[in-house]
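If you want the building blocks of each chain, they are given just below.
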Amino acid sequence: MSDSLPPATLDELRTAVDGALRRDVPLAPHTTFKVGGTADWYVAPRSADALAAALRIAREHDVPFFLLGTGANVIVGDRGVRGLVIHNRARGTTIDPETGRVRAESGALVYPDLIEAAVSAGLSGLEHYVGIPSTVGGALWQNLHFLSPPPERERTMFIEEVVQEADVLLESGERRVVGVDYFDFGYDYSVLHDRDDVVLSATFQLEPGDPERMREIMDANLQWRAERH
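Residues numbered from 1 in each chain as written. Predicted model: local features only at pLDDT ≥ 70, side-chain atom pairs only at ≥ 80, totals over all residues. Heavy atoms only, no water.

Caption draft 1: Here's a closer look at the environment of S106. Tracing the backbone shows S106 in the loop between β6 (101-105) and α3 (110-120). For the pair S106 and L51, spaced 55 residues apart in the sequence, the C-alpha separation amounts to 9.4 Å. Discounting chain neighbours no more than four positions away, the residues touching S106 are L51, N88, A90, T135, V136, G137, V199, L200 and S201. (Helix = DSSP H or I, 4+ residues; strand = E, 2+ residues; numbered from the N terminus. Contact = heavy atoms within 4.5 Å.)

In structure tokens, the structure reads:
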């Protein structure tokens, strides 16, 4: 177990995450494979501001860290993770039905958190990605996509189609709101693959839709995925 974090750094982290700094935390429960060792230090920021603060502190003090989302397809070795694990639990979501804008913090789950909120508000554009294990931050990192809508499934739908802007902590430490062009989206790609920038929240521009039709798409996509995965 590493004791390399100075007391002053630990105090800053505790303040940033309201005291929720823990030591020797098993990571297996936080991954889909349910295997692996412990994190030397573990924080779970529950807001975009707390996430940004934890990241800045780790960078400023040269603390090695790993940013964890849903834990999907993540394998943690038996020896665990040295340094700090920042488990993104920032899941706040706000909806403006009049403008069709949905803002979600980057730790929010695309499904059910984000999609259910949008469909319940009668807003369409996100229902195509139902059943894919991802946070909002992960969705932008990989340009989340799915072959939809049913039954034709004639084209791949990409999350970039509904992204309007994002609140990003740049690797320089600057916090900036960026437009969709910043991400340079491609197939299974965004500029985040090549930079240490971190999405803190994202705003999606959706359109009014029929909740019944959206739920038909969701049910069909869930069935389609179950049959193939």
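Caption draft 2: A look at unusual backbone geometry. Here the residue pair Y111 and P112 is connected by a cis peptide bond, since its omega of 10 degrees sits within 30 degrees of zero. Inspection of the secondary structure assignment puts P112 in helix α3. Look at the link from S148 to P149: it is a cis peptide, with omega at 0 degrees. Along the chain, the position of P149 falls in the loop between β8 (145-148) and β9 (155-158).

Caption draft 3: Inspection of the packing of α3 against helix α5 (residues 211-228) at higher detail. Between α3 and α5, whose axes approach to 9 Å, the crossing angle comes to 155 degrees. Relative to α5, α3 is oriented roughly antiparallel. When α3 is examined against α5, the residues Y111, I115, E116, V119 and S120 are found in contact with a partner set consisting of P211, M214, R215, M218 and L222. Of the residues that constitute the contact of α3 with α5, the class distribution is seven nonpolar, one polar and two charged. (Axes fitted to C-alpha atoms, helices over the stretch in contact; angles between N-to-C directions. Parallel < 35°, antiparallel > 145°, perpendicular 65-115°, else oblique. Nonpolar A, V, L, I, M, F, W, Y, C, P; charged D, E, K, R; others polar.)

Caption draft 4: Summary view of the pattern of salt bridges. Applying the stated criterion to the full structure yields 13 salt bridges. In this structure, D113 and R91 form a salt bridge, with 2.8 Å as the shortest nitrogen-oxygen distance. On the criterion of sequence distance, the pair formed by D113 in helix α3 and R91 in the loop between β4 (81-87) and β5 (93-96) is long-range, its members being 22 residues apart. Assessed through its relative accessible area of 34%, R91 is described here as partly exposed. Measuring nitrogen to oxygen at the nearest pair gives 3.8 Å for the salt bridge that ties E171 to R195. Of this pair, E171 sits in the loop between β10 (163-169) and β11 (175-179) while R195 sits in the loop between β11 and β12 (198-205), placing them 24 residues apart in sequence. (Salt bridge = Lys/Arg side-chain N within 4 Å of Asp/Glu carboxyl O. Buried < 20%, exposed > 50% of the residue type's maximum accessible area, 1.4 Å probe, protein only.)

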